[in-house]
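Report on the structure
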Amino acid sequence: MAEEKQLEQNQREKPMSFITMVIATGLIGGILWSGLGYFAYVFNLTDIRPNVILEPWTIGEWKEGWLGTVISIVMIGGISIISAFIYYVFLRRFPSIWVGAGYGIVLFFVVFYVLNPIFPGINPFYELGRNTIITSVCFYILYGVFVGYSISYEESEIKYNERMENKAQQDSK
């Protein structure tokens, strides 16, 4: 019995798969940065609240309250998983913080230019205030760096471990 417990203690925890890590990174990044975006709205740093995501699809006053805010933040986290997968597919091989920042800027322009007509709660870009634009750009850049660098770092770690394993196999021959 003691030997079984000792063996269990010596076993290492299985690492998370890369795809699971991408999903977790997207979800956490979306929830984190949209939650901080809500606090920026509360402190009048931006005119845009996370609840704008509900406006095209729901009716009722509940979406303006705390329940709407929580559901909006979680929905943004879910949508962020898609964004993380896009980064995973196209940009994971670039281990630069600037690639993530650029990705965040691209996402900003997609949301504020391309998807703007979908969200009636977001004024056209040229009508937004300076504080709203600066705060939103900064949050999108930080989101891009968070998601991008997390995914790129994991990619480089996997490649490094593969090289070390190959080198160990070659050395043992």
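Details of the structure are given in the entry above.
Residues numbered from 1 in each chain as written. Predicted model: local features only at pLDDT ≥ 70, side-chain atom pairs only at ≥ 80, totals over all residues. Heavy atoms only, no water.

This brings us to the overall build of the protein chain. Within the protein chain, the regular secondary structure consists of five helices and zero strands. Over its C-alpha trace the protein chain gives a radius of gyration of 21 Å, far above what one expects of a compact globule, namely 16 Å for 173 residues. Summarising its shape, the C-alpha atoms of the protein chain cover approximately 65 × 40 × 25 Å along the three principal directions. In the protein chain, buried positions account for 32% of the 173 residues. Residue pairs at least 24 apart in sequence account for 70% of intrachain contacts in the protein chain once pairs closer than 6 positions are excluded. Surface accessibility of the protein chain: about 11,500 Å² in total, with carbon and sulfur atoms responsible for 64%. Computed over 12 positive and 15 negative side-chain charges, the inter-centroid distance for the protein chain is 7 Å. (Helix = DSSP H or I, 4+ residues; strand = E, 2+ residues; numbered from the N terminus. Rg over C-alpha atoms; globule rule 2.2 N^0.38 Å. Buried < 20%, exposed > 50% of the residue type's maximum accessible area, 1.4 Å probe, protein only. Contact = heavy atoms within 4.5 Å. Areas by Shrake-Rupley, 256 points an atom, 1.4 Å probe, with all protein chains shown as cover. Lys, Arg positive; Asp, Glu negative; His and termini not counted. Charge placed at Lys NZ, Arg CZ, Asp CG, Glu CD.)

Here the focus is the pattern of salt bridges. Under the criterion given, the structure shown has three salt bridges. Linking Lys-159 and Glu-155 is a salt bridge whose minimum nitrogen-to-oxygen distance equals 3.7 Å. Here Lys-159 and its partner Glu-155 are both found in helix α5 (residues 130-172), four residues apart, which amounts to about one turn of the helix. One network of salt bridges, with partners in common, ties together Arg-92, Glu-155 and Lys-159. (Salt bridge = Lys/Arg side-chain N within 4 Å of Asp/Glu carboxyl O.)

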